[in-house]
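Overview (structure and organization)
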2 protein chains.
Amino acid sequence: MTAPDRTPRRTDIRRERETLILSAAEKVFAEAGYGGATMQLIADMAGLPKANLHYYFATKEELYRRVVRDIFEIWLHAADSMDAATGPAEGIGAYIDAKMEISRLHPHGSKVWASEVMHGAPVIQDYLETSLRDWTQGRVALIQRWIDEGKMAPVDPSHLLYMLWATTQHYADFGHQIETLNGGKPLTDRQWQAAKASVKAIILRGIGAI
Amino acid sequence: MTAPDRTPRRTDIRRERETLILSAAEKVFAEAGYGGATMQLIADMAGLPKANLHYYFATKEELYRRVVRDIFEIWLHAADSMDAATGPAEGIGAYIDAKMEISRLHPHGSKVWASEVMHGAPVIQDYLETSLRDWTQGRVALIQRWIDEGKMAPVDPSHLLYMLWATTQHYADFGHQIETLNGGKPLTDRQWQAAKASVKAIILRGIGAI
DNA sequence: TCCAATCCTGACCATATGGTCAAGAGAAGC
DNA sequence: GCTTCTCTTGACCATATGGTCAGGATTGGA
């Protein structure tokens, strides 16, 4: 919100502008979808002339790619919490916490991701087939290890992961529905804590980790 | 697929054409989003000239409204299975089965619904505030009764419902992602059964119903 | 101060899209 | 057969949109 107190260097300008545009684009893509988003809307949201957007991002699709890719990175790194854990209660609990926090802090990004996947992942299909697949296989193996060690019930690791993704992202993607059912008001801090606790309680008990 | 063996009456023609158009529209809206969908695409999918669409549905928005409303009806009726039950294991188990079946049979509809809600429910906000809210309050009360009767663990009924919606709809909305992680192949019958079983096992155990 | 590189932007263009319309085809009732 | 109503559709229009471009402003360095 406040202007920087120094004259930015050239390279800084580029980075700042790109960040500004990407942030505006994320919001517009989330609210209108790829097809419904217009460069003009994004430009207005960023407070820049439309032509300026095309100076930094040649095409709408390139801008969209960047938005989706950036989100994907955040996604993957959320799982670090899971790896360091010694067992499912700690690991999966931490993962739920991390993903719920992302849903809370990056609802736009979550929606863009959801839209992209729902439309057949035209842009990030290669990511799904490489990064996400590798990531998933690693966690499936980790969960299977926990099962083999008797630390949790023998559930299908893949479906457990799907459930974790679905449940945590629901609070971002369907946030509007939840808000409406919450009397039209966004969840309070306390309610977010209750949500996290509910999710963790049901799932951790459901997999026999507590 | 087969043509009717009688000459359809006038009113039948209207109904048949509307159904045909709605079906095509559902698919296109699901795959491209509202903004990305074009009347021409829908017309091609239905095998009709574009102008013919406008004869039955004045505007794109009106057509979209009908699609969303029709889906919503299916949604609500899926819960009948839950009401007749005597306890959570039976009731919630049946609800999961029903919703998983809908995800399998109506993936397009689920995506359209998800898109609509993600974009702030511009078209069905009134439904959320009336039908869905009433419906939800009823089930929350039902679940609370089960809790009070000691038939399940004291979980927050609202968050349990969110989890049920999220998990079951994930198999439709993120079907493409699941398919990719499944080696690029759609889930087989057996895998769908395994998915249902996994979801039910984790959730029913998670709420202390089994 | 001068130069080159980067950044900015109003005006413009080709195209795609939602929607219209008038004329015609086909069926139902008399 | 004649009339009336419903249905069909190619041609057309106004507008919105992604993208271009030429020229100007600004900045950093020599």
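Residues numbered from 1 in each chain as written. Chains lettered and ligands numbered in written order. Predicted model: local features only at pLDDT ≥ 70, side-chain atom pairs only at ≥ 80, totals over all residues.

Considerations on the relation of the copies chain B and chain A
Note on the identical chains: chain B maps onto chain A by a rotation of 180° and an axial translation of 0.0 Å, with an RMSD of 0.0 Å. Both copies are brought into coincidence by an operation consistent with a two-fold rotation axis. No C-alpha of chain B lies nearer the rotation axis than that of B:Gly206, which sits 1.8 Å from it. A shared interface surface links the copies, since 100% of the contact residues of chain B are contact residues in chain A too. (Least-squares fit on C-alpha atoms with pLDDT ≥ 70 in both. Contact = placed C-beta atoms within 7 Å.)

Structural notes on the environment of B:Ile74
All names here are of chain B. Position of Ile74 among the secondary structure elements: in helix H4 (residues 60–77). Taking the C-alpha atoms as reference points, Ile74 and Ile102, 28 residues apart in sequence, are found 8.5 Å from one another. Filtering out sequence-adjacent residues up to four positions away, Ile74 remains in contact with Ile102, His106 and Gly109. (Helix = DSSP H or I, 4+ residues; strand = E, 2+ residues; numbered from the N terminus.)

Brief notes about the protein's contact with DNA strand C
Near DNA strand C lie 20 residues; those nearest to it are A:Ala51, B:Thr38, B:Met39, B:Thr59 and B:Lys60. Those elements that provide at least two residues to the surface near DNA strand C are helix H1 (10–36) and helix H3 (50–56) of chain A together with helix H2 (39–46), helix H3 (50–56) and H4 of chain B. Tallying contributions element by element places H1(A) first for the surface near DNA strand C, with four residues. Split by residue class, the surface near DNA strand C holds eight nonpolar, five polar and seven charged. (Near = placed C-beta within 6 Å. Nonpolar A, V, L, I, M, F, W, Y, C, P; charged D, E, K, R; others polar.)

A closer look at the protein's contact with DNA strand D
Taken together, 21 residues sit near DNA strand D, with A:Thr38, A:Met39, A:Thr59, A:Lys60 and B:Ala51 positioned nearest. Taken together, the elements giving at least two residues each to the surface near DNA strand D come down to helix H2 (39–46), H3 and helix H4 (60–77) of chain A together with helix H1 (10–36) and H3 of chain B. Take the surface near DNA strand D: its biggest share by element is four residues, from H1(B). Of the residues in the surface near DNA strand D, the class split is eight nonpolar, six polar and seven charged.

Points about H2(B)
Residues and elements named next belong to chain B. Of the residues making up H2, those classed as buried are Ile42, Ala43 and Ala46. Axial view of H2: buried residues confined to an arc of 100°, hence all on one face. Two residues or fewer after H2 comes Gly47, characterised by a positive phi angle close to 70°. (Buried ≥ 20, exposed ≤ 12 C-beta atoms within 10 Å, placed from the backbone. Arc of directions from axis to C-beta.)

Structural notes on the interface of chain B and chain A
The interface of chain B with chain A comprises 45 residues on the first partner and 45 residues on the second. A per-class count over the side of chain B that touches chain A returns 23 nonpolar, 15 polar and seven charged.

Here we look at the packing of helix H7 (residues 107–118) of chain B against helix H9 (residues 157–173) of chain B
All names here are of chain B. Remark: H7 packs on H9, axes separated minimally by 8 Å, with the N-to-C direction vectors making an angle of 110°. It follows from the interaxial angle that H7 and H9 lie roughly perpendicular. The chirality of how H7 crosses H9 is left-handed. Where H7 approaches H9, its residues Pro107, Ser110, Lys111 and Ala114 are matched on the opposing element by Gln169, Ala172 and Asp173. Class assignment for the residues of the contact of H7 with H9 results in three nonpolar, two polar and two charged. (Axes fitted to C-alpha atoms, helices over the stretch in contact; angles between N-to-C directions. Parallel < 35°, antiparallel > 145°, perpendicular 65-115°, else oblique. Left-handed = near helix turned anticlockwise from the far one by under 90°.)

Some words on the domain arrangement of chain A
Residues and elements named next belong to chain A. According to the domain assignment, chain A contains domain 1 (10–58) and domain 2 (69–206). The distance between the C-alpha centroids of domain 1 and domain 2 comes to 28 Å. In this assembly, seven residues from domain 1 lie in contact with six residues from domain 2. Its residues assigned to classes, the side of domain 1 that touches domain 2 shows four nonpolar, one polar and two charged. (Domains from an automatic or database assignment.)

Re the nonpolar core
Ranked by size, the top nonpolar core spans 100 residues in total, and within it A:Phe29, A:Ile42, A:Ile203, B:Phe29 and B:Ile203 carry the most contacts. Once you skip the residues sitting within four places of it in the chain, A:Phe29 turns out to touch A:Tyr34, A:Ala37, A:Tyr64, A:Val67 and A:Val112. (Core = buried A, V, L, I, M, F, W, Y, C linked by C-beta atoms within 7 Å.)

Focus: the packing of helix H6 (residues 88–105) of chain A against helix H9 (residues 157–173) of chain A
All names here are of chain A. Two elements in contact, H6 and H9, have axes whose closest approach is 8 Å; the angle formed by their N-to-C orientations is 30°. By the criterion of interaxial angle, the relationship of H6 to H9 is roughly parallel. Seen from above, H6 lies across H9 with right-handed handedness. Only Leu164, Thr168, Gln169, Tyr171 and Ala172 of H9 make contact with H6, whose side of the interface consists of Tyr95, Ile96, Lys99, Met100 and Ser103.

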